[in-house]
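Notes for the structure review
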Amino acid sequence: MSVLSAPDLKRVPGVLGRIVELRAGDYVDADPALGEARAGARRFEGALAVPDLSLIAEVKRASPSEGAIAPLDPADAARAYAAGGAAAISVLTEPRYFDGNRGALLEVVAVTDLPALRKDFVVHPAMLREAADWGASAALLMVSVLHEHTGEYLGAAHHLGLDALVEVHDERELDIALEAGARIIGVNNRDLTTLKIDLSVSPRLIRRAREAGFTGVLVAESGYRTPQDIAAVRGLADAVLVGSSLAGSGDLSRAARDLMTP
Ligand SMILES: O=C(O)c1ccccc1NCC(=O)[C@H](O)[C@H](O)COP(=O)(O)O
């Protein structure tokens, strides 16, 4: 594959803009080469493409919205989420705002067979190479960060054998994800420039994606705290991605099970 273009991070406003600027600094000297193509097992996609609504449970110790959430041990959290019925585990690896790191992802991959998503702010191809090297099944790609380069980064993820959760928050971003050929689209209810949550965003954009003929996997993300919240996307989404409410619950296994029980 040819060298990927760098996204223009000056276009990213608010909190998200600050996060990605710092993340780009972390990788300024990193090698952009992806290396040889790797076989894709499509384990993350396969775990979500099932008739029931699946749970992607997130190992999230802190966030810009909430500050410190809980001092989770990643391995214990992953085991608890698996026992609670999660189909996949999302692991934050961003260090400054989310208290994540490489070790968290490695621990999760070591203790569970569930596919793991590297949840970070991908701004450099080396971050995808790392995700594959560390055993992730998938990586997050944010249209709000990558804009028109989303398709290139999606191709890079697939080249490395990774699935990609292509995240959108509005109609314009959804159109970019569809045009890029995303197989898994996540609709984030959280506006990452203001941190405001609006649970009507996922149902609206998921309906729009289906109306546009999208046949892949659709994930509703962020702000889910109760089974009533989840009810709004049953029959629409293939999966929900939940972090803060589970991570801060004190009993991750039970919280996961209770949240997903209609
Ligand atoms: O969670 C935040 O405050 C946040 C701020 C800025 C950029 C990203 C952020 N979160 C990333 C996520 O997408 C969530 O971790 C994920 O969807 C789970 O959300 P929640 O269940 O509300 O913790």
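Residues numbered from 1 in each chain as written. Predicted model: local features only at pLDDT ≥ 70, side-chain atom pairs only at ≥ 80, totals over all residues. Heavy atoms only, no water.

As recorded by an unreviewed UniProt entry, the protein chain carries the name indole-3-glycerol-phosphate synthase and is attributed to Deinococcus knuensis. Note on the protein chain: under the UniProt heading Catalytic activity (unreviewed entry), the record states "1-(2-carboxyphenylamino)-1-deoxy-D-ribulose 5-phosphate + H(+) = (1S,2R)-1-C-(indol-3-yl)glycerol 3-phosphate + CO2 + H2O". (UniProt positions renumbered as here; feature names shortened; annotations may be inferred.)

Points about the site of the ligand
If you check the shell around the ligand, you find 20 residues, and the closest are E58, K60, S65, S222 and S244. E58 has a polar side-chain atom sitting 2.5 Å from an oxygen atom of the ligand. Interatomic distance of 3.2 Å between a side-chain N/O atom of N188 and an oxygen atom of the ligand. When isolated, the ligand has an accessible area of 500 Å², and the protein chains bury 98% of it. For the shell around the ligand, a count of residues per class yields eight nonpolar, seven polar and five charged. (Near = heavy atom within 4 Å. Polar contact = N/O pair within 3.5 Å; in protein donor to acceptor, adjacent residues only side chain to side chain. Areas by Shrake-Rupley, 256 points an atom, 1.4 Å probe, with all protein chains shown as cover. Nonpolar A, V, L, I, M, F, W, Y, C, P; charged D, E, K, R; others polar.)

Regarding helix 8 (residues 171-180)
A turn of α-helix holds 3.6 residues, and therefore any two residues three or four places apart point the same way. Of the positions making up helix 8, those classed as buried are E173, L174 and A177. Buried residues along helix 8 cover an arc of 105 degrees about the axis, so they all sit on one side. Summarising the contacts, the buried residues of helix 8 are in contact with helix 6 (143-146), strand 7 (163-168), strand 8 (184-188) and helix 9 (201-211). For helix 8, the N-terminal cap is D170; the gap from its side-chain oxygen to the backbone nitrogen of R172 is 3.3 Å. (Buried < 20%, exposed > 50% of the residue type's maximum accessible area, 1.4 Å probe, protein only. Helix = DSSP H or I, 4+ residues; strand = E, 2+ residues; numbered from the N terminus. Arc of directions from axis to C-beta. Contact = heavy atoms within 4.5 Å.)

Things to note about the side chain of S144
With respect to the helices and strands, the residue S144 is situated in helix 6. Aside from chain neighbours lying at most four places away, what touches S144 is V12, L16 and E173.

A closer look at the confidence of the model for the protein chain
Of the residues in the protein chain, 99% have a pLDDT of 70 or more, and the chain-wide mean is 97. Scoring of the predicted complex yields 0.98 for pTM and 0.98 for ipTM. (pLDDT = per-residue confidence, 0-100.)

Comments concerning helix 4 (residues 102-111)
Of all the residues in helix 4, the buried ones are A104, L105 and V108. Taken down its axis, helix 4 places every buried residue within 95 degrees of arc, on the same side. Where helix 4 is buried, its residues contact strand 1 (54-59), helix 3 (74-83), strand 4 (88-92) and strand 5 (116-119). The backbone nitrogen of G103 lies 3.1 Å from a side-chain oxygen of the residue at the head of helix 4, namely N101.

Describing the UniProt feature "domain: Indole-3-glycerol phosphate synthase" (unreviewed entry) in the protein chain
Under the feature "domain: Indole-3-glycerol phosphate synthase" (unreviewed entry), the UniProt entry names residues 44-259. For the annotated span residues 44-259, helix accounts for 40% and strand for 20% of the residues, and the straight-line distance between the end C-alpha atoms is 21 Å.

With respect to the environment of R43
Position of R43 relative to the elements: it lies in helix 2 (residues 43-48). Spatially, the C-alpha atoms of R43 and A131 are 14 Å apart, while their sequence positions differ by 88 residues. Sequence-distant contacts of R43, defined by excluding residues within four places in its chain, comprise D113, L114, P115, S137 and D163.

Overview of the nonpolar core
By size, the foremost hydrophobic cluster in this structure holds 95 residues, and its most contacted members are Y81, L128 and V240. Once you skip the residues sitting within four places of it in the chain, Y81 turns out to touch A57, E58, V59, A86, I89, G243, L246, A247 and L252. (Core = buried A, V, L, I, M, F, W, Y, C linked by side-chain atoms within 4.5 Å.)

Side note on the packing of helix 8 against helix 9
Where helix 8 meets helix 9, the closest approach of the two axes is 11 Å, and the angle between their N-to-C directions is 40 degrees. Relative to helix 9, the element helix 8 is oriented oblique. Crossing handedness for the pair helix 8 and helix 9: right-handed. Side by side, helix 8 and helix 9 meet where E171, L174 and D175 of the first sit next to R204, L205, R208 and A209 of the second. A class-by-class count of the residues in the contact of helix 8 with helix 9 yields three nonpolar, no polar and four charged. (Axes fitted to C-alpha atoms, helices over the stretch in contact; angles between N-to-C directions. Parallel < 35°, antiparallel > 145°, perpendicular 65-115°, else oblique. Left-handed = near helix turned anticlockwise from the far one by under 90°.)

Notes on unusual backbone geometry
In this model, D99 sits at a positive phi of 55 degrees, which is unusual for a non-glycine residue. Note on placement: D99 falls in the loop between strand 4 and helix 4. The class of D99 is partly exposed, set by a relative accessible area of 39%. Phi at L195 is positive, roughly 70 degrees, even though this residue is not glycine. Within the secondary structure layout, L195 lies in the loop between strand 8 and helix 9. Note on L195: relative accessible area 23%, which makes it partly exposed.

Here's the deal with the packing of helix 3 against helix 12 (residues 252-260)
Running from amino to carboxyl end, helix 3 crosses helix 12 at an angle of 35 degrees, the nearest separation of the two axes being 7 Å. Crossing handedness for the pair helix 3 and helix 12: right-handed. Residue-level inspection shows A77, A80, Y81 and A83 of helix 3 in contact with helix 12, the latter providing L252, S253 and R257. For the contact of helix 3 with helix 12, a count of residues per class yields five nonpolar, one polar and one charged.

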